[in-house]
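Descriptive structure summary
Residues per chain, in single letters:
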6 protein chains.
Amino acid sequence: MKKILVISPITTVHFSGMTKEYLEGIRSPGTEVEYVNIKKGPASIETFYDEAYALPEILRIVDEYNTKCDAIMINCFADPAVNAARELADIPVVGPAEASMALALMLGHKFAVISTLRNSGPWIELQARTYGIENRMAAAIGIDIPVLELKTDLKKTAAYLIDAAKELIESKGAEVIVLGCTGMAPVADMIRKELNVPVVEPMAAAFKMAEMMADLRLKHSKIGLYMTPDKGKISGY
Amino acid sequence: MKKILVISPITTVHFSGMTKEYLEGIRSPGTEVEYVNIKKGPASIETFYDEAYALPEILRIVDEYNTKCDAIMINCFADPAVNAARELADIPVVGPAEASMALALMLGHKFAVISTLRNSGPWIELQARTYGIENRMAAAIGIDIPVLELKTDLKKTAAYLIDAAKELIESKGAEVIVLGCTGMAPVADMIRKELNVPVVEPMAAAFKMAEMMADLRLKHSKIGLYMTPDKGKISGY
Amino acid sequence: MKKILVISPITTVHFSGMTKEYLEGIRSPGTEVEYVNIKKGPASIETFYDEAYALPEILRIVDEYNTKCDAIMINCFADPAVNAARELADIPVVGPAEASMALALMLGHKFAVISTLRNSGPWIELQARTYGIENRMAAAIGIDIPVLELKTDLKKTAAYLIDAAKELIESKGAEVIVLGCTGMAPVADMIRKELNVPVVEPMAAAFKMAEMMADLRLKHSKIGLYMTPDKGKISGY
Amino acid sequence: MKKILVISPITTVHFSGMTKEYLEGIRSPGTEVEYVNIKKGPASIETFYDEAYALPEILRIVDEYNTKCDAIMINCFADPAVNAARELADIPVVGPAEASMALALMLGHKFAVISTLRNSGPWIELQARTYGIENRMAAAIGIDIPVLELKTDLKKTAAYLIDAAKELIESKGAEVIVLGCTGMAPVADMIRKELNVPVVEPMAAAFKMAEMMADLRLKHSKIGLYMTPDKGKISGY
Amino acid sequence: MKKILVISPITTVHFSGMTKEYLEGIRSPGTEVEYVNIKKGPASIETFYDEAYALPEILRIVDEYNTKCDAIMINCFADPAVNAARELADIPVVGPAEASMALALMLGHKFAVISTLRNSGPWIELQARTYGIENRMAAAIGIDIPVLELKTDLKKTAAYLIDAAKELIESKGAEVIVLGCTGMAPVADMIRKELNVPVVEPMAAAFKMAEMMADLRLKHSKIGLYMTPDKGKISGY
Amino acid sequence: MKKILVISPITTVHFSGMTKEYLEGIRSPGTEVEYVNIKKGPASIETFYDEAYALPEILRIVDEYNTKCDAIMINCFADPAVNAARELADIPVVGPAEASMALALMLGHKFAVISTLRNSGPWIELQARTYGIENRMAAAIGIDIPVLELKTDLKKTAAYLIDAAKELIESKGAEVIVLGCTGMAPVADMIRKELNVPVVEPMAAAFKMAEMMADLRLKHSKIGLYMTPDKGKISGY
């Protein structure tokens, strides 16, 4: 038995039911899932500004659950606090963007990411560069639907994603589509039916990657980029 | 239940017992493993020449098992026939080099690969460039032990790997060590005990990645790099 | 007349006197400097964890001073909150790492960065990759002196930096040295005397770059990566 | 006098007459050409699968002619068996993709490659990345004519290539066109008449490069990537 | 007080009045500007050929003013003689392309450059690659107006630049526009009014960067790429 | 019959006899060689400054011989005036650095370049980046012998080159050695005897590449980077 902590780094509980149900459907038999929402911070993460306000709470939760579970998944494509959490935790920490892009690398020559608002395209390009895999990404774009409205009209969301995917396949050489928001999980299957390419849904990708790391007993390196922080240096929180 | 086919692309059965036992220890409860050796081809894969002679038989096996299992792992760090098998098969095909490097990307800033003979260093550099992740690799080197002698003296093999790893950590900035041959699986734990960095063992990495792809029902894209081949064009085999 | 806001993103006031005096020495005649310390957060920024806890306060200050000054410099080589501040502010926001590396690009073929603790080397490598200039950086290393001890023994700090610089020049092809912490400003001149290469001190580089952006009336693009945030989405702060 | 071995790595003799005649027209006065077809393997190479089945026979021929000639050209843009042949042979081995791209580097800022089927575009992108020259390639595409039909209607083949070239010049910034299949040699001059850019025909490029290497008495390095194989390790062939 | 030498590397005095007036408007209070035109060489620099004939005179002027000023700006986006001048001079030498691209790096995710004739696009791409920042550039194009005709009809020039900028923003992901010719300075403000992105005017960028380098007393490294030349080796000039 | 023009871009005739004799030994039967020295300019090219003063004369010669020969080789590893000459000439123009690096790409995984003075290392790194093949170069260094002293003591020159090559092979992963000065031609064979890797001599590489381009009737693209210059714009020369 292993336990995966899933942190929702937004204050809205909007996606909670869906997330629990979705992960229930994909967890391995021997996996228990713990699901925690941040209580203060952004309603959704759509800017670096939003992300900044999510970090202290994510890290507080990581610290609380560090010894109580086997791996952590931070459930947002911005991969918020992933680096800091890796410093803090003694267990693997997985972010959906990194996990889904790593998976996409193995599924075709070039992948494209489709996310929410206009700014998500350049942001995801920046992530891909930071992860060192920029030249495997065909493109990254947004469909101009805010995170919290993805669920409002699932058919519309799916339709926009399908149209964007077809355009990226046709004109940018995308061979694999990565959904760029974990809030898109409910429409992943609808999209798959309309596309003849693999579609990577990042919540599932990150969750299964967390399971794998726990299974393989792998932990992040602490000799270089990630260094155990001195929690005593923080005041006012 | 899912079934993973593990193809050993060498004619020696040298590693068969170890491989079966090792994968038995890491397979998920719901996974069945089918293990097949090629009958003609190289005794081990240490050169592009060796690899060339392994390909037809690997592909014959892929073709035979394509509809009988859920994912395929080709058990050699050269990732032999992986591209061709992806064209041929309707199920995911995983290579240990690609899988273990993808996993290493998530464990630290830079990884190094330690493999067998002298030529394996540049070969693995070439793999990393081909996979588009060259700038995440700190270095790749060989320890000058041929594949088929890795088992001869496990303590010596482990000692050489530990020395090489320490050197790569010290002087090349490696934060993660990837073992560059699936024949090194038996010494992985011995190495982990002596190093304070994550050690990725590629047979396990590839096997778990194959399980994950089967779980997520992901298949390779067939609209770009991989195109279903016309088997009728081959004569003489 | 223009006013530059300098935000110290650490709770210790350790460097305040030095910073004010130093910037007084380099500001242009027509520049007024406003200096603000965060009141809650990390004592120093040496990990991603530390950085995370600095962000909300930095952004609160940016929001407060946005309409009262002409440019903002966030005085830490981690460039904390720079992206989020650019989203929020209507004026230029400059980070010392980005500014000093941009300047170093024009001074020689390859630059090296010397910072504080061991983990700062890979961190700065990651910054350089994220800024897209990785192949202009010869190396990045730490001298194993914590930020808050840089001032304890300035001669020792200078000596360590000089030794590190000589090694990077000799063995890594560095032609320009960038100091990787704004707390190193007091020893910059001591180092320059011992080295025959340009030494970029990042506080000065960022401050002058902020002046220049204010002079040229340049602001960050808001049509792509940076998008004006909705402050109303944040709760609990 | 020098002798160049030209290996046709396909079982069809479809192009034999054309190839002999074409090379007769471009060989240097002191060059003798030996032309050999594989007897078992693929009818044409259009997938990695096809390529895999060509390798053993190519290598058998390389082994047979190794001491009887001065350089080897493997006459297919997939550069099949080039790495393995370089391990095996004591003489230079040239592949048309590598040779024509190396030549294209000297003719203009960016080159584009036009090949046969849809999958050839990403495949050639992968080649360019593997050869480390990806950022000099403007694009690579296929014209949807199978290799064995290129000769069926030369005017149609030329027309498709001209249209594709014009599009790549106009919209992708291509300054040089590389034909991506040695079977396109017969239409190279027809294309040149219609385009105002250099057109590199890969059979000629590779053949002349083989002559040059023989003239300069250059051989591949055997201390790194290429290692002399142990032929005794192969069984069943 | 500091003195900046501005070298116009073309024989026409076409832009002299404008340049003096423009720089007068942006110079810092403590800056004196010296303005020198070459007397022999090209009427304008639009090809590598033109540039070649500008170099000896630029270097003669650099040699003459080396000890009489504090920094040098060579006023042409081709950055002609910048490397050679850095070897020769004991003071900073700034080129508009390098300076404006360095500045653009800090203003948004990707920048695009718009210059004069058709060939300027690839030329500027080559500059960006040489400066090691190629992956931050969205595109570079020309508007098909020769340098010496930019002033003929300022409204037309501005209109062409605005159209080109809009296209690059819309279809190439440009977030920042860099004008690719210092002769475009007079229309910079007209363009800014029509675009919602930062517009970097290279003469201003280079001039302010020269001021900054003088202020920071930074000089180019002379231990690597730049080596003090032996003037005695030149004959016939 | 074809005629190759070899331009020596230095005023000393130091290497003339050697060059003629050397090229006589490697020219193809059907090739005639025309050899021209510049009359004004640098005694040798060791800095960007030297190079600048070579350009007008090289271009004058290119213009004079443009219609009288079939290809041009500019005989200096700085590849001086190569871009400008390609704009001017209607025939192929080859530079030794570009030609020898293109050839080295085909001979092994990574090449290293050994040139003359200290600054030649970074300069050649810059060339490799500009040519877009930086990641195929293991290293570039100088042996601290000025160009004009290479001939003084051939044994010493050879010994220094051999030592440098061994070091680069041992510690930098170089598999191919490129000599970084055409003045090293006389010692190429001495070096080859002591090294077990291919040694590319750039004068031979460039000369044979020029022959090949003439044979293949290839010319540089004039639609992008290279544009036919307007000679009338130059005054004072």
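Residues numbered from 1 in each chain as written. Chains lettered and ligands numbered in written order. Predicted model: local features only at pLDDT ≥ 70, side-chain atom pairs only at ≥ 80, totals over all residues. Heavy atoms only, no water.

The following threshold applies: UniProt positions are given in the numbering used here, feature names are shortened, and annotations may be inferred rather than shown by experiment.
The name that an unreviewed UniProt entry assigns to chain A is Hydantoin racemase, with the source organism given as Biomaibacter acetigenes. UniProt's Sequence similarities (unreviewed entry) comment on chain A is quoted here verbatim: "Belongs to the HyuE racemase family."

**Some remarks on the pairing of strand β4 (residues 71–74) of chain B**
Residues and elements named next belong to chain B. Worth spelling out the cut-off: Whether a residue is buried, partly exposed or exposed follows from its accessible area with a 1.4 Å probe, protein chains only, as a fraction of its type maximum: under 20%, in between, or over 50%, in that order. Elements are defined by DSSP. Helices are runs of H or I of four residues or more, strands are runs of E of two residues or more, and each kind is numbered from the N terminus. At least two DSSP bridges between two strands are required for those strands to pair.
Here β4 shows two buried faces, one formed by Ala-71 and Met-73 and the other by Ile-72 and Ile-74. Bridging between strand β1 (residues 2–8) and β4 involves four bridges; their strand directions are parallel. Bridging across to β4, Ile-7 finds its partner in Ile-74. Looking at chain direction, β4 and strand β5 (residues 93–94) are connected through two bridges and run parallel. Looking at β5, one finds that Met-73 is bridged to Val-94.

**Comments concerning the domain arrangement of chain A**
Residues and elements named next belong to chain A. Formally: Residue ranges for the domains originate in an automatic or database domain assignment. What makes two residues a contact is simply this: any of their non-hydrogen atoms within 4.5 Å. What gets called buried area is simply the loss in accessible area from a 1.4 Å probe that two parts show on being joined, summed for both. Whenever a carboxyl oxygen of Asp or Glu lies within 4 Å of a side-chain nitrogen of Lys or Arg, that contact is scored as a salt bridge.
If you check the domain split of chain A, you get domain 1 (2–95 + 205–233) and domain 2 (97–202). Each of domain 1 and domain 2 has a C-alpha centre, and these two points are 21 Å apart. Listed as interface residues are 23 residues of domain 1 and, on the opposing side, 30 residues of domain 2. Taken together, the two surfaces of domain 1 and domain 2 that pack against each other cover about 2200 Å², and 63% of this comes from carbon and sulfur. Ranking the residues of domain 1 by area buried against domain 2 places Glu-46, Phe-77 and Ala-205 at the top, with a combined share of 35%. Summed over the shared surface of domain 1 and domain 2, the result is one salt bridge. As a salt-bridge pair, Arg-86 and Glu-98 come within 2.5 Å of each other at their nearest N and O atoms.

**Examining the relation of the copies chain C and chain A**
What counts is decided by this rule: Here the copies are superposed with least squares, the fitted atoms being C-alpha atoms of residues at a pLDDT of at least 70 in both.
Here chain C sits on chain A after a turn of 180 degrees about the axis and a move of 0.0 Å along it, with an RMSD of 0.0 Å. Here the two chains are linked by the operation of a two-fold rotation axis. Across chain C, the smallest distance between a C-alpha and the rotation axis is recorded for C:Thr130, namely 2.4 Å. Comparing interface residues between copies, 100% of those in chain C also lie at the interface in chain A; the contact surface is shared.

**So, the pairing of strand β8 (residues 176–179) of chain F**
Residues and elements named next belong to chain F. The two faces of β8 match: Val-176 and Val-178 on one face and Ile-177 and Leu-179 on the other face are all buried. With four bridges joining them, strand β6 (residues 111–115) and β8 adopt parallel strand pairing. Note that in β8 the partner of Val-113 across the bridge is Val-178. In the sheet, β8 pairs with strand β9 (residues 199–200) via two bridges, with the strands oriented parallel. Its bridge partner lying in β9, Val-178 is registered against Val-200.

**Some points on the relation of the copies chain F and chain C**
You can overlay chain F on chain C at an RMSD of 0.0 Å; the transform is a turn of 120 degrees with a shift of 0.0 Å along its axis. This pairing of chains is accounted for by a three-fold axis. When each C-alpha of chain F is compared by its distance to the rotation axis, F:Asn135 comes out closest, at 5.6 Å.

**Points about the nonpolar core**
Inclusion rule: Side-chain atoms within 4.5 Å link the members of a nonpolar core, which is a set of buried Ala, Val, Leu, Ile, Met, Phe, Trp, Tyr and Cys residues.
A:Ile177, B:Ile177, C:Ile177, D:Ile177, E:Ile177 and F:Ile177 are the most contacted members of the largest nonpolar core, which has 629 residues in total. Beyond its immediate chain neighbours, meaning those up to four positions away, B:Ile177 contacts B:Ala112, B:Ile114, B:Ala165, B:Ile169, B:Leu195, B:Val197, B:Pro198, B:Val199 and B:Val200.

**What to know about the interface of chain F and chain C**
Our working definition: Here a polar contact is taken to be a pair of N or O atoms separated by no more than 3.5 Å, where protein atoms must pair a possible hydrogen donor with a possible acceptor and residues adjacent in sequence count only if both atoms sit in side chains. Side-chain classes are defined by residue name, with Ala, Val, Leu, Ile, Met, Phe, Trp, Tyr, Cys and Pro counting as nonpolar, Asp, Glu, Lys and Arg as charged, and the others, Gly among them, as polar.
The partner chain C presents five residues to the five residues of chain F that form the contact. Together, the buried faces of chain F and chain C total about 440 Å²; carbon and sulfur atoms form 38% of this surface. Of all residues in chain F, the largest losses of buried area upon contact with chain C belong to F:Pro122, F:Glu125 and F:Arg129, amounting jointly to 74% of the total for that side. Linking chain F with chain C are one salt bridge, by the criterion used here. The partner of F:Glu125 in a salt bridge is C:Lys110, with the nearest N and O atoms 3.7 Å apart. Counting every contact that joins chain F to chain C gives three residue pairs in polar contact (both at pLDDT 80 or more). Considering only residue class, the side of chain F that touches chain C consists of two nonpolar, no polar and three charged.

**Quick look at the sheet that holds β1(B)**
Residue and element names in this part refer to chain B. The test is simple: Helix axes are fitted to C-alpha atoms over the stretch in contact, other axes to C-alpha atoms as well, and angles between N-to-C directions run from 0 to 180 degrees.
The four strands lie next to each other as β2-β1-β4-β5, forming an open sheet whose pairing is parallel. Looking at which strands have only one partner, the edges of the open sheet turn out to be β2 (31–37) and β5. By the bridge criterion, seven bridges tie β1 to β2 in an arrangement that is parallel. Along β2, the bridge assignment pairs Ser-8 with Asn-37. The strands touched by helix α2 (residues 48–65) within the sheet are β1, β2 and β4, with β1 carrying the most contacts at an inclination of about 165 degrees.

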